[in-house]
Protein chains: 2
Amino acid sequence: MGATETLARFALNTPSTAIPDPILHEGKRCIINYLAVALYASADPSMQILTGLFEEEGGNPQAALIGSDMRTSLQNAALANGYLAHLEDYDDTHFPTVIHPSAPTIPAAIAVGERQNATGLDVLTATVLGIEACCRIGLSVHPHHYDAGWHITGTCGVFGSAAAAGRLLGLDEGQMVNALGIAGTQAAGVRETFGSMSKPFHAGRSAQSGVLAGLLASRGFTSTDTILEGRRGFAAVLSTASDMAQITEALGERWELPNNGLKPYSCGVVSHPLIDAMIIFRNTHGVKAEDVVSVTANVQPLVLELMDRQHPRIGLEGKFSHQHSMAVGLVDGGAFPEQYTDERVLDPTITALRDKIKATVDPKMPDDAAEVTVTLKDGRSITEKVDHATGAPENPMSDSQLEDKFRNLVSRVLSKNQSEKLLTRLWDIDKVDNVGEIMEMARP
Amino acid sequence: MGATETLARFALNTPSTAIPDPILHEGKRCIINYLAVALYASADPSMQILTGLFEEEGGNPQAALIGSDMRTSLQNAALANGYLAHLEDYDDTHFPTVIHPSAPTIPAAIAVGERQNATGLDVLTATVLGIEACCRIGLSVHPHHYDAGWHITGTCGVFGSAAAAGRLLGLDEGQMVNALGIAGTQAAGVRETFGSMSKPFHAGRSAQSGVLAGLLASRGFTSTDTILEGRRGFAAVLSTASDMAQITEALGERWELPNNGLKPYSCGVVSHPLIDAMIIFRNTHGVKAEDVVSVTANVQPLVLELMDRQHPRIGLEGKFSHQHSMAVGLVDGGAFPEQYTDERVLDPTITALRDKIKATVDPKMPDDAAEVTVTLKDGRSITEKVDHATGAPENPMSDSQLEDKFRNLVSRVLSKNQSEKLLTRLWDIDKVDNVGEIMEMARP
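Quick caveat: nothing in here was measured; it's all calculated off a predicted structure.

Caption draft 1: Broad picture of the overall build of chain A. The number of helices and strands found in chain A is 20 helices and 8 strands. Against the compact-globule benchmark of 22 Å for 444 residues, chain A has a radius of gyration of 21 Å, which places it among compact chains. Looking at chain A residue by residue over its 444 residues, the buried ones come to 61%. By sequence separation, contacts in chain A at least 24 residues apart represent 79% of the contacts at least 6 residues apart.

Now the structure itself:
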């Protein structure tokens, strides 16, 4: 049995009772984090581009748009909600692959869940299994696939959304294999678009592609049986090397969710240990921007590959500037969405500080670590080594920190009272009779 | 100025008067051929999968589905009509790249043309420019891109549809650059799916992706400025080598449409010279299936790469079996849609003949040539060398042959009277005030 069929069976046949409690709990945390970042992002002006398009194109009211009164088709809802989930780069990261798995997977699970009147537990289970499928496939082509320039959230995301959608649609095994095929042959998204709306679009389009794959397969649409392992399939075409054992080995025993970290900062994950260090300079050593002569950092290679942008011109570019992210870490003590507005990236204090920051690659630096030295006008220099960035698997956000993040973000669009009720209900999502109730509670 | 910006300006700023008459005529032929194959395919049962989905998901009545009374959203129409155009593998082929450029481009041009109440000349011009963009980009990554396993119609098709849609939407240059970026970051489609519904789905999804890109860009959605030439852009990520000069060199002076051939047979184009030879055996030498001991063929490498399938199980697989295509060429004297039904691929006479056919790669064989030898029970053996397959640029279908193809295919769904009126009007599409009139005339 090939990897595709194995994964299809796993996604269909694993009962929720076979998933360990800590994994289900991690799935809940992903859903809470997802709704928090998507609700916050729903107030972004770019969302009107999508809602305007949906109004023009139409769509039956089958599923909710987050942060809106509009109900629309499953595909539209998946597209917009996936976009919102990734817009602030504040969602989550599967550290071994740099996939942001919730943004493509959860919108698909919830939208299809609404159509099916699925329980909260059904949607939570589909989320966990979809994320597992997505991350396993990512592992099978990592690091070659990402190194080639693919945005792995866009490409592997289609499998997470298709697996979640297909399970909730009640596909049979043959249909699920076809759904994975239809999804995989839509896998797309290149890194050249980073710093523009097209980056979060990848997550939305992946969510939509997976929903489309599930819906088509449920009606008898056909594809290949071997999208993952085939000679002209996903791994062979989109990667220079692959290892199918990463997909099938100990499936259902070893889980990838513990390697998925919720993001404490609203920007590219590779800068997070750098921000941690800058916050330590500020809060522990009392360093102020005007005291700084220079900042030097030793970093893992992806920092310069992805985030070397001395002077971002707009907020979305700031999210891919380690200089900007470090500067706001020192000046503001955090790197939240308000640090990545179009105005904030042009602030003179921040701009001046960015000019003093220089990073050098240390190929031996672990992915979640960094070493930063600040030299001050009084002659002192201070070095901080961060071994595991906040939010990394070895240093995860606690449930209480996640609640703070949720309350802070959601306050942009929901009242305190509504936010608390929603949060309480989300921790009990496995006891919710119909997932539509959650979307109703989340409506501003 | 980079390739992306150059191409965006070309697609926007070239007036129809700057396009030579023979190129516009070739564009007309593409539109006639497109409507013929799509109208024929509209009676395929798989179309009900798409119309059923559209009914469930909804969509405002903005554009026509070919062969149907349904009007739906631009994106739905582009998806379904692109699917229909490629379903029978009977559309057209840009020989230098093996792109089938009409199937993704024309549905986008017509759907957006309907929204804009565009003239026939506007749609014809957008078609010609979209196909040029699509084929130029294909040339820039050929043969590496296709060899890697990409279905180049799916991947490069997004640029054809985005260019056509963007022009008809009246985008400005910055928006068109963004539209190409949004399109290119959706480029997808792997060859593992050949022989299933997912192959024609690539053409439909490309048409839809380009329409979506145009609509989003028109509303201010952003992307990269350098989707084609960027370090992590389309060419760098989806090909091991590329040449941007293929996109920009003599743009507007040298045209790719003369290298695009309309298909005389309803199957993978690389088998066409083989079918030609088998028809010569039948019609000129009177060879019958029961006389044959063996058939040997010398072929270009892609024949075995793409179409080595001794015993296809369903019609769609038959389209990617050179053995089946050769067998029906000898038995039936043609390779039309009726030769690729699920029943026909299981016919005992055909099955027995397929077993006697063997092809060998000759790396020096030109793409549109083949040499076939049949050995007969009476001891004779006959060899036919085909230098240029029917439908190849050096041996194109005449306008009269195209009319025969149109009449034959369209008779499946339109009356003779309606078919003749439509054909006459299509030859005059450049004089049609509103392209919606054409779609109305084509409604069964």
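Caption draft 2: Main features of the interface of chain B and chain A. Listed by partner, the interface residues are 45 residues for chain B and 45 residues for chain A. If you list the elements that add at least two residues to the side of chain B that touches chain A, you get α3 (47–57), α4 (74–87), α9 (173–184), α10 (198–218) and α11 (234–238) of chain B. Among the elements that line the side of chain B that touches chain A, the one with the most residues is α10(B), at 5 residues. Split by residue class, the side of chain B that touches chain A holds 17 nonpolar, 22 polar and 6 charged.

Caption draft 3: Focus on unusual backbone geometry. At the junction of H142(A) and P143(A), the peptide bond is cis and its omega measures out at 0° in the coordinates. One can find P143(A) in the loop between α6 (120–141) and α7 (144–147). Within the chain, V98(B) stands out as a residue other than glycine whose phi angle is a positive 65°. Turning to its location among the elements, V98(B) is positioned in the loop between β3 (92–94) and α5 (102–116). Owing to 20 C-beta atoms within 10 Å, V98(B) belongs among the buried residues under this scheme. Phi at A250(B) is positive, roughly 55°, even though this residue is not glycine. Of note, A250(B) is situated in the loop between α12 (245–248) and β4 (260–262). A250(B) gets classed as exposed once you count the C-beta atoms within 10 Å, which come to 8.

Caption draft 4: Here's a closer look at the sheet that holds strand β5 (residues 292–299) of chain A. Residue and element names in this part refer to chain A. Pairing within the open sheet is mixed, and its 4 strands lie in the order β6-β5-β7-β8. Strands with a single pairing partner mark the edges of an open sheet, and in this sheet they are β6 (357–361) and β8 (381–386). Averaged over all adjacent pairs, the angle separating strand axes in this sheet is 15°, with direction ignored. Bridge count for β5 against strand β7 (residues 370–376) is 6 bridges, and the pairing is antiparallel. Opposite A297, over in β7, you have V372 as the bridge partner. Its contacts with the sheet place helix α13 (residues 272–285) against β5, β7 and β8, and it is angled at close to 135° to β8.

Caption draft 5: Expanded view of the relation of the copies chain B and chain A. With an RMSD of 0.0 Å, the fit of chain B onto chain A corresponds to turning through 180° and sliding 0.0 Å along the axis. Expressed as a symmetry operation, the mapping of one chain copy onto the other fits a two-fold axis. Among all C-alpha atoms of chain B, that of G59(B) lies closest to the rotation axis, at 2.4 Å. Mapped onto chain A, 100% of the interface residues of chain B again fall at the interface, so both copies present the same surface.

Caption draft 6: Region of interest: the packing of helix α9 (residues 173–184) of chain A against helix α10 (residues 198–218) of chain A. Residues and elements named next belong to chain A. Across the interface, α9 lies against α10 with an axial gap of 8 Å and an inter-helix angle of 140°. By the angle between their axes, α9 is oblique relative to α10. Judged by the twist between their axes, the crossing of α9 over α10 is right-handed. Packed against α9, whose contacting residues are Q175, N178, A179, I182 and A183, the element α10 presents S209, G210, A213, G214, L216, A217 and S218 at the interface. Its residues assigned to classes, the contact of α9 with α10 shows 6 nonpolar, 6 polar and no charged.

Caption draft 7: Just the domain arrangement of chain A, in detail. Residues and elements named next belong to chain A. You can read the domains of chain A as domain 1 (3–264 + 397–441) and domain 2 (269–386). Taking only C-alpha atoms, the centre of domain 1 and the centre of domain 2 are 31 Å apart. In this complex, domain 1 contributes 12 residues to the contact, which on the side of domain 2 involves 9 residues. Of the residues contributing to the side of domain 1 that touches domain 2, the split by class is 6 nonpolar, 3 polar and 3 charged.

Caption draft 8: Looking closely at the packing of helix α1 (residues 3–13) of chain B against α9(B). All names here are of chain B. Between α1 and α9, the shortest axis-to-axis distance is 9 Å and the interhelical angle comes to 115°. Considering how the two elements wind past one another, α1 and α9 form a crossing that is right-handed. Only E173, M176, V177 and L180 of α9 make contact with α1, whose side of the interface consists of T4, E5, L7, A8, R9, A11 and L12. Of the residues in the contact of α1 with α9, the class split is 7 nonpolar, 1 polar and 3 charged.

Caption draft 9: Broad picture of α9(B). Here α9(B) contains 12 residues, and its C-alpha end-to-end distance of 16 Å stays within 8% of the 16 Å for a straight helix at 1.5 Å per residue. Counting buried residues along α9(B), 10 of its 12 residues qualify, which places the element largely inside the surrounding structure. Among all positions in α9(B), only Q175(B), M176(B), V177(B), N178(B), A179(B), L180(B), G181(B), I182(B), A183(B) and G184(B) are buried. In this fold, the buried residues of α9(B) make contact with α10 of chain A together with α1, α8 (152–168), α10 and α11 of chain B.

Caption draft 10: Geometry of the pairing of strand β5 (residues 292–299) of chain B. The pairing of β5(B) with strand β6 (residues 357–361) of chain B spans 5 bridges and is classified as parallel. Directly across from N298(B), in β6(B), lies its bridge partner T360(B).

Caption draft 11: Seen up close, the sheet that holds strand β8 (residues 381–386) of chain B. Residues and elements named next belong to chain B. Read from one edge to the other, the open sheet built from 4 strands follows the order β6-β5-β7-β8, with strand pairing classed as mixed. Looking at which strands have only one partner, the edges of the open sheet turn out to be β6 and β8. Sheet twist, expressed as the mean angle between neighbouring strand axes with direction ignored, is 15°. Running over the sheet, helix α13 (residues 272–285) touches β5, β7 (370–376) and β8 and is turned about 135° from β8.

Caption draft 12: Molecular detail of the confidence of the model for chain A. Per-residue confidence for chain A gives a mean pLDDT of 97; residues scoring 70 or more make up 100%. For this predicted complex, the interface confidence reaches an ipTM of 0.95, while the overall pTM sits at 0.96.

Caption draft 13: Structural detail: the pairing of β8(B). Residues and elements named next belong to chain B. For β7 and β8, the ladder comprises 6 bridges, and the chain directions are antiparallel. Among the inter-strand pairings, A370 is bridged to a residue of β8, identified as V386. Hairpin remark: β7 followed by β8, antiparallel, with 4 residues in the connecting loop; positive phi at G379, about 95°.

Caption draft 14: Local environment of the environment of T224(B). The topology assignment puts T224(B) in the loop between α10 and α11. Along the primary structure T224(B) and I275(B) are separated by 51 residues, whereas in three dimensions their C-alpha atoms are 45 Å apart. Once residues lying within four places of it in the same chain are set aside, the contact partners of T224(B) are E192(A), T193(A), S196(A), S198(A), G181(B), G230(B) and G233(B).

Caption draft 15: Spotlight on the environment of R205(A). Relative to the assigned elements, R205(A) resides in helix α10. R205(A) has contacts with L79(A), G154(A) and Q186(B), leaving out every residue within four places of it along the chain.

Caption draft 16: Representation of the environment of S46(A) within the structure. Residues and elements named next belong to chain A. For S46, the location among the structural elements is in the loop between α2 (21–41) and α3 (47–57). Exposure remark for S46: the 18 C-beta atoms within 10 Å place this residue in the partly exposed category. Taking C-alpha positions, S46 is 9.6 Å from L87, a pair spaced 41 residues apart along the chain.

Definitions and cut-offs
- Residues numbered from 1 in each chain as written.
- Chains lettered and ligands numbered in written order.
- Predicted model: local features only at pLDDT ≥ 70, side-chain atom pairs only at ≥ 80, totals over all residues.
- Helix = DSSP H or I, 4+ residues; strand = E, 2+ residues; numbered from the N terminus.
- Rg over C-alpha atoms; globule rule 2.2 N^0.38 Å.
- Buried ≥ 20, exposed ≤ 12 C-beta atoms within 10 Å, placed from the backbone.
- Contact = placed C-beta atoms within 7 Å.
- Nonpolar A, V, L, I, M, F, W, Y, C, P; charged D, E, K, R; others polar.
- Pairing = 2+ DSSP bridges.
- Axes fitted to C-alpha atoms, helices over the stretch in contact; angles between N-to-C directions.
- Least-squares fit on C-alpha atoms with pLDDT ≥ 70 in both.
- Parallel < 35°, antiparallel > 145°, perpendicular 65-115°, else oblique.
- Left-handed = near helix turned anticlockwise from the far one by under 90°.
- Domains from an automatic or database assignment.
- Expected span 1.5 Å × (residues − 1).
- pLDDT = per-residue confidence, 0-100.

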